[in-house]
Amino acid sequence: MHQSFKIFFICMLLWSIFNPVFADEIAHNYYGLGVFAYEEGNFTEARDLLLKAVVLDPENARANFYLGQAYVKLAQPDKAEHYLTTALSLDPQVPGLKYSLGILFYQINDYEQARQKFEEVVAGNPSDILAIYYSGMSLYKLEQYDAAGGLLIEAAQMSPSIEANGYYYAGVCNYQLRRLDEAVKQFEHVMEIADSEDLKDNARLWAQTIKKNQAAVKPYSLYLKTGYLYDDNVVLEPADRDIVSDESDSAFLLYFSGKYDLIDDRQLRSGIGYSHYQTWYQDLDEYDLTGSIGNVYLNYKFCESVTMGVKYLPTYYWVDSESYLMQHQVKPSALWMIDNFNAVDFSYSYYRNNYFTDNSRDGHSNEMTADYSHGFSSLDGFMFCGIGFEVYSAFEKDQDYRELKTRLGISYDVFDQTNITVYGNYYGKQYDARDLTYKVKRDDSRYFASASITRNIWKQWLNVSAEYTYTKNNSNIADFDYERNAILLSVSVKL
């Protein structure tokens, strides 16, 4: 018995001496197998092996590092952060550790910590291109656009593989900083070098949008259009287009509009404008139309995606130099830019009408509209649609009506500097009371279609165009049935 005890004691002594060596050897084996599995892309197996290595040797910084990496690949960020930060506390000099932590923080949207880690990597290795790039991207996400743009350009110039992405996001930074010319150059560079068609399309859309915005940045805008119109059924009324002449004629047309921003900053824009429309018919000069429209507007940008606005539009019409209609319109609206390709515009309009030739039609109306547009970057164009509903209350009850309005169309550039626009409208108008003359409630359906082609011929501001329009009105009162075809050839200038 005494001899057995001595043998047991010696065995325990030997085990206590050599056990750490055996444990370290086993942990090392698990670590090696885990790293091999990780490099082979077997992340679940790598996790299981590295967990065993860490249990046996919790002070092994590299085992903790690779275990954290395995959890990153398995989309378990909380566990990944635990083991990566443990590795950092054990040995901050493990190669790639700080960069991996930066990537992890970037993926979980903790951009401030990501920035700090990437900057630590760059401080130790100024030539680490990816750390420079992601440092810039972290600043970009933090909306520190000036600093972000510089780092993104620096990274882009160091590596052809990230050049396109670097210049793209640098362009966005310059756009946010209102450095529009520089932003356009960077987006155009991306269009030249990018392998990704999606990236090219996005860069093209940004460049086009900025060029349009650059025109809008000016405190003023001017537009002049003049042309020759052939109309096979001349309209007698400027507002409702209810009555036609059943005669054809040609006319010289002139349209002018301009506006000036009295207040223009990043959020608030307010100003005044004026538009003038006039036709001179060759034979039916008694139907010459003149329209004069004022515009007082106020727009407030609540955020990058939502803009609220209101307009007051006083309008005066003459027919053959005689006063025909005075109209007041107040129009509040809301524009929601869903993203770079989609937008929705909601508006309400209140009209007050004073007809000088027929007091029975005097009255007011309320109208609600919703319009949607979707941009197609690959086509350099967009589609649009909308719906509206108007309720009109007149002095005489037989002039009261309700009208449904819809529209659908597409506009795109078929060639460089050449645009085609096609759209159609439907109007369904129902009167509330029997017509005093025809003794029935009037019910109209009007269809309108338009197709135009516009070609820019000089310096983005001089254009020529041809437009065809067709109108058909169906009514339960035969006197209001008609068809109309019109062709317009015009030249326009936009400044």
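## Quick look at the overall build of the protein chain
- Regarding its fold elements, the protein chain presents 11 helices and 14 strands.
- In terms of principal-axis extent, the alpha carbons of the protein chain reach across some 130 × 50 × 35 Å.
- For the protein chain, buried positions account for 40% of its 495 residues.
- Sequence separation of 24 or more characterises 50% of the internal contacts of the protein chain that already satisfy a separation of 6 or more.

## A word on the layout of surface pockets
- Of the voids in this model, the second largest pocket is the one considered here, and its volume is about 450 Å³.
- If you trace the second largest pocket, you find 25 residues lining it, with Glu237, Ile243, Asp358, Arg361 and Gln399 closest to the centre.
- In terms of residue class, the lining of the second largest pocket is built from 12 nonpolar, 4 polar and 9 charged.

## A word on the nonpolar core
- Judged by nonpolar contacts, the single largest core of 63 residues is most densely connected at Tyr168, Phe187 and Ile210.
- Of all the elements, helix 3 (residues 61-73) adds the most residues to this core, at 8 residues.
- Those residues in contact with Ile210 that lie beyond four places of it in its chain are Tyr175, Leu180, Ala183, Val184 and Phe187.
- Within the second largest apolar cluster, 10 residues are counted, among which are Leu325, Tyr392, Ala394 and Tyr431.

## Comments concerning the state of the cysteines
- According to the stated counting rule, one finds 0 disulfides in the structure shown.
- The thiol of Cys303 is unpaired, and the distance to the nearest cysteine sulfur, on Cys173, comes to 19 Å.
- The class of Cys303 is partly exposed, set by a relative accessible area of 37%.

## Focus: the environment of Phe65
- With respect to the element layout, Phe65 can be found in helix 3.
- For Phe65, a relative accessible area of 6% translates into the label buried.
- Expressed as a C-alpha distance, the spacing of Phe65 and Leu205, which sit 140 residues apart in the sequence, is 42 Å.

## A short note on the pairing of strand 7 (residues 342-355)
- As judged from the 11 bridges shared by strand 6 (residues 322-337) and strand 7, these two strands associate in the antiparallel manner. Following the sheet pairing, Ser333 is matched in strand 7 by Ser347.
- Bridge analysis of strand 7 against strand 8 (residues 363-376) gives 12 bridges, and the strand direction is antiparallel. Residue pairing in the sheet places Tyr348 in a bridge with Met368 of strand 8.

## Notes on the pairing of strand 1 (residues 220-231)
- As defined by bridge partners, strand 1 adjoins strand 2 (residues 249-264) across 12 bridges and the pair is classed as antiparallel. For Ser221, the partnering residue across the bridge sits in strand 2 and is Lys259.
- Where strand 1 meets strand 14 (residues 482-494), 9 bridges bridge the pair, whose relative direction is antiparallel. Bridge pairing in strand 14 links Gly227 to Ser490.

## So, helix 6 (residues 111-124)
- Helix length check: helix 6, at 14 residues, gives a terminal C-alpha distance of 20 Å against a target of 20 Å (1.5 Å per residue), a fit within 8%.
- Within the sequence span of helix 6, burial applies to Tyr111, Ala114, Arg115, Lys117, Phe118 and Val121.
- Those residues of helix 6 that are buried are in contact with helix 4 (77-90), helix 5 (97-107) and helix 7 (129-141).

## Regarding the confidence of the model for the protein chain
- On average, the protein chain scores 85 in pLDDT, and the residues at 70 or more come to 92%.
- Across residues 8-22, where pLDDT falls below 50, the model places 1 contact with residues more than four positions away in sequence or in other chains.

## A few points about the packing of aromatic side chains
- Summed over all chains, the structure comprises 25 aromatic pairs.
- Ring geometry for Tyr426 and Tyr447: centres 5.3 Å apart, planes at 45 degrees, overall tilted. One end of the pair, Tyr426, is in strand 11 (residues 418-434); the other, Tyr447, is in strand 12 (residues 441-458), and 21 residues separate them in sequence.
- The exposure class of Tyr426 is partly exposed, given its relative accessible area of 26%.
- Owing to a relative accessible area of 38%, Tyr447 belongs among the partly exposed residues under this scheme.
- By the ring-pair criterion, three or more aromatic residues cluster together here, those being Tyr140, Tyr145, Tyr168, Tyr169, Tyr175, Phe187 and Trp206.
- Sitting over the ring of Phe480, Arg442 keeps its end group 3.6 Å from the ring centre.
- Above the plane of the ring of Tyr427 lies Arg446, whose end atom (NZ or CZ) is 4.5 Å from the centre.

Reading guide: rules and limits
- Residues numbered from 1 in each chain as written.
- Predicted model: local features only at pLDDT ≥ 70, side-chain atom pairs only at ≥ 80, totals over all residues.
- Heavy atoms only, no water.
- Helix = DSSP H or I, 4+ residues; strand = E, 2+ residues; numbered from the N terminus.
- Buried < 20%, exposed > 50% of the residue type's maximum accessible area, 1.4 Å probe, protein only.
- Contact = heavy atoms within 4.5 Å.
- 1 Å grid on protein atoms, 1.4 Å probe; cavity = no way out; pocket = protein on both sides within 12 Å on 5 of 7 lines; lining within 4 Å.
- Points joined across faces, edges and corners; volume = space filled by probe spheres on them.
- Nonpolar A, V, L, I, M, F, W, Y, C, P; charged D, E, K, R; others polar.
- Core = buried A, V, L, I, M, F, W, Y, C linked by side-chain atoms within 4.5 Å.
- Disulfide = S-S within 2.5 Å.
- Pairing = 2+ DSSP bridges.
- Expected span 1.5 Å × (residues − 1).
- pLDDT = per-residue confidence, 0-100.
- Phe/Tyr/Trp six-rings, centres within 6.5 Å; stacked < 30°, edge-to-face > 60°.
- Lys NZ or Arg CZ within 6 Å of the ring centre and 35° of its normal.

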